[in-house]
Amino acid sequence: MLISELLLIAVGLSMDAFAVSVSNGLALRCLRLRDALKFGLFFGFFQMLMPLLGWAVGRLFSDYVMAFDHWVAFVLLGYIGTKMVMDGLRGSDSACGDTGFKTMLILAIATSIDALAAGVTFAFMNINIWFSISVIGAITFFLSAFGVLIGKRVGDKLGGKAQLLGGFLLIAMGVKILIEHLFF
């Protein structure tokens with residue numbers, strides 16, 4: 001996998017966390033830098049953990065599905081991307097403005113479920129999982145922290161658009177993987 005492809009996947013997976021961060025930035029009455037860093041740390045950690053768990057599960061079954069790996073990647077990334085696009089079109093978000101541990105944990109897990117499924121697809125690809133999850137975690141950290149900060153300034157204009165962008169990026173990566181395996 002090229003670094004540019006990994007960056008696109010990382011940005012795509014980060015869009016849910018970014019959208020939730022922006023929404024929470026809007027809802028926080030007294031925004032502090034540590035609130036932004038807390039969002040970045042929670043979301044970044046879970047965006048690293050979930051693909052690793054998905055990769056480990058996928059590795060157990062990789063010998064059985066090598067002939068179908070491109071279809072698995074296409075279907076999973078297509079499903080995740082489509083779900084994100086549909087959520088973006090419906091305007092679903094989780095603006096709560098709460099930065100307590102329980103709320104942050106729930107939001108971090110909810111926004112990283114897509115990364116778990118993406119991690120399964122990593123098991124069928126020739127990638128360095130540690131480098132990949134580090135890139136995903138770092139990008140999610142920065143986008144989430146940035147999202148909270150701009151949430152106060154930009155308003156609610158980006159919430160659904162961020163999810164749409166992330167969904168379209170994941171769908172495009174799934175289509176690209178399928179085309180590469182079928183035609184090259």
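This text follows the structure it describes.
Residues numbered from 1 in each chain as written. Predicted model: local features only at pLDDT ≥ 70, side-chain atom pairs only at ≥ 80, totals over all residues. Heavy atoms only, no water.

**Topic: the nonpolar core**
Grouped together as the largest cluster of nonpolar side chains are 29 residues, with contacts concentrated most on Leu13, Trp55, Leu77, Phe122, Ile129, Ile136 and Leu170. By residue number, the principal contributor to this core is helix 1 (residues 3–27), which donates seven residues. Discounting chain neighbours no more than four positions away, the residues touching tryptophan 55 are Gly119, Val120, Phe122, Ala123 and Ile129. Ala17, Phe46, Leu107 and Val148 belong to the second largest nonpolar core, which has 12 residues in total. (Core = buried A, V, L, I, M, F, W, Y, C linked by side-chain atoms within 4.5 Å. Buried < 20%, exposed > 50% of the residue type's maximum accessible area, 1.4 Å probe, protein only. Helix = DSSP H or I, 4+ residues; strand = E, 2+ residues; numbered from the N terminus. Contact = heavy atoms within 4.5 Å.)

**What about the side chain of threonine 111?**
Residue position: threonine 111 is located in helix 4 (residues 101–122). Residue class for threonine 111 comes out buried when judged on its relative accessible area of 5%. In terms of polar contacts, threonine 111 uses its side chain to reach the backbone carbonyl oxygen of alanine 108, at 3.3 Å. Those residues in contact with threonine 111, other than ones at most four positions away along the chain, are Leu13, Asp16, Ala17, Val20, Phe43 and Gln47. (Polar contact = N/O pair within 3.5 Å; in protein donor to acceptor, adjacent residues only side chain to side chain.)

**Structural notes on the packing of aromatic side chains**
Scanning the entire structure with this criterion turns up five aromatic pairs. Summarising the aromatic geometry, the rings of phenylalanine 39 and phenylalanine 43 are spaced 5.6 Å apart at their centres and angled 80° between planes, so their arrangement reads as edge-to-face. Of this pair, phenylalanine 39 and phenylalanine 43 both sit in helix 2 (residues 33–65), four residues apart, roughly one helical turn. Of the two residues examined, phenylalanine 39 and phenylalanine 43, each falls in the buried class. When the ring of phenylalanine 45 is compared with that of phenylalanine 46, the centres are 5.3 Å apart and the planes differ by 90°; the resulting orientation is edge-to-face. (Phe/Tyr/Trp six-rings, centres within 6.5 Å; stacked < 30°, edge-to-face > 60°.)

**Thoughts on the environment of glycine 58**
Of note, glycine 58 is situated in helix 2. Taking relative accessible area as the criterion, glycine 58 reaches 3% and is therefore assigned buried. For the pair glycine 58 and phenylalanine 124, spaced 66 residues apart in the sequence, the C-alpha separation amounts to 7.4 Å. When near neighbours in sequence (up to four residues on either side) are disregarded, glycine 58 contacts Val120, Ala123 and Phe124.

**Some words on the pattern of salt bridges**
The tally for this structure, following the rule as stated, stands at three salt bridges. Residues arginine 32 and aspartate 35 are paired through a salt bridge, measuring 3.2 Å at the closest nitrogen-oxygen approach. Classification of arginine 32 by relative accessible area gives partly exposed; the value is 38%. Between glutamate 180 and lysine 176 there is a salt bridge whose closest N-O contact spans 2.2 Å. (Salt bridge = Lys/Arg side-chain N within 4 Å of Asp/Glu carboxyl O.)

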